[in-house]
Amino acid sequence: MDLLKAMGFGALITCCIAVVVGTQGSSGGALAIHALDIADFKVYWSWPMFLGGTGLFWALLIIQR
């Protein structure tokens, strides 16, 4: 259950940071932010940031037990 919670937090933080960095026209270097075209919308996403954020939040949730 902690992993599912961590994935939600990881997705939220990834979305927030990727929108800020991606709208400025940068790829964020190692963050590898890229734009996804979904219908008429442009969504910015980064898999390395998602995996790193999920790992960080998962560790924090385990520590809080």
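Residues numbered from 1 in each chain as written. Predicted model: local features only at pLDDT ≥ 70, side-chain atom pairs only at ≥ 80, totals over all residues. Heavy atoms only, no water.

Right, let's talk about the pairing of strand 1 (residues 34-38) for a bit. As judged from the 5 bridges shared by strand 1 and strand 2 (residues 41-45), these two strands associate in the antiparallel manner. Bridged to Leu36 within strand 2 is Val43. Where strand 1 folds back on strand 2, the antiparallel hairpin that results is connected by 2 residues, among which Ala39 adopts a positive phi of roughly 55°. (Pairing = 2+ DSSP bridges. Helix = DSSP H or I, 4+ residues; strand = E, 2+ residues; numbered from the N terminus.)

Along the polypeptide, Thr14 turns up in helix 1 (residues 2-22). With sequence-adjacent residues up to four places away left out, Thr14 is seen in contact with Trp45, Ser46, Met49 and Phe50. (Contact = heavy atoms within 4.5 Å.)

It is worth spelling out the packing of helix 1 against helix 2 (residues 47-63) at this point. At a closest axis distance of 7 Å, the pairing of helix 1 and helix 2 adopts a crossing angle of 135°. One element, helix 1, and the other, helix 2, form an angle in the oblique class. Seen along the crossing, helix 1 lies across helix 2 with a hand that is right-handed. In this structure, helix 1 uses Asp2, Leu3, Lys5, Ala6, Met7, Phe9, Gly10, Ala11, Ile13, Thr14, Ile17 and Ala18 to contact helix 2, whose residues at the interface are Met49, Phe50, Gly53, Thr54, Phe57, Trp58, Leu61 and Ile62. Across the contact of helix 1 with helix 2, the residue classes tally to 14 nonpolar, 4 polar and 2 charged. (Axes fitted to C-alpha atoms, helices over the stretch in contact; angles between N-to-C directions. Parallel < 35°, antiparallel > 145°, perpendicular 65-115°, else oblique. Left-handed = near helix turned anticlockwise from the far one by under 90°. Nonpolar A, V, L, I, M, F, W, Y, C, P; charged D, E, K, R; others polar.)

For any pair of aromatic rings, the description consists of the separation of the ring centres together with the inter-plane angle of the planes. A complete count under the given rule lists 4 aromatic pairs for this structure. Consider the rings of Phe9 and Phe57, whose centres lie 5.5 Å apart with planes at 40°: the pair is tilted. With Phe9 in helix 1 and Phe57 in helix 2, this pair connects stretches of sequence that are 48 residues apart. Overall, Phe9 belongs to the partly exposed group, its relative accessible area being 42%. In this structure an aromatic cluster arises from ring pairing among Trp45, Trp47 and Phe50. (Phe/Tyr/Trp six-rings, centres within 6.5 Å; stacked < 30°, edge-to-face > 60°. Buried < 20%, exposed > 50% of the residue type's maximum accessible area, 1.4 Å probe, protein only.)

Turning our eyes to something else, we now look at the environment of Gly25. Position of Gly25 relative to the elements: it lies in the loop between helix 1 and strand 1. For the pair Gly25 and Leu3, spaced 22 residues apart in the sequence, the C-alpha separation amounts to 32 Å.

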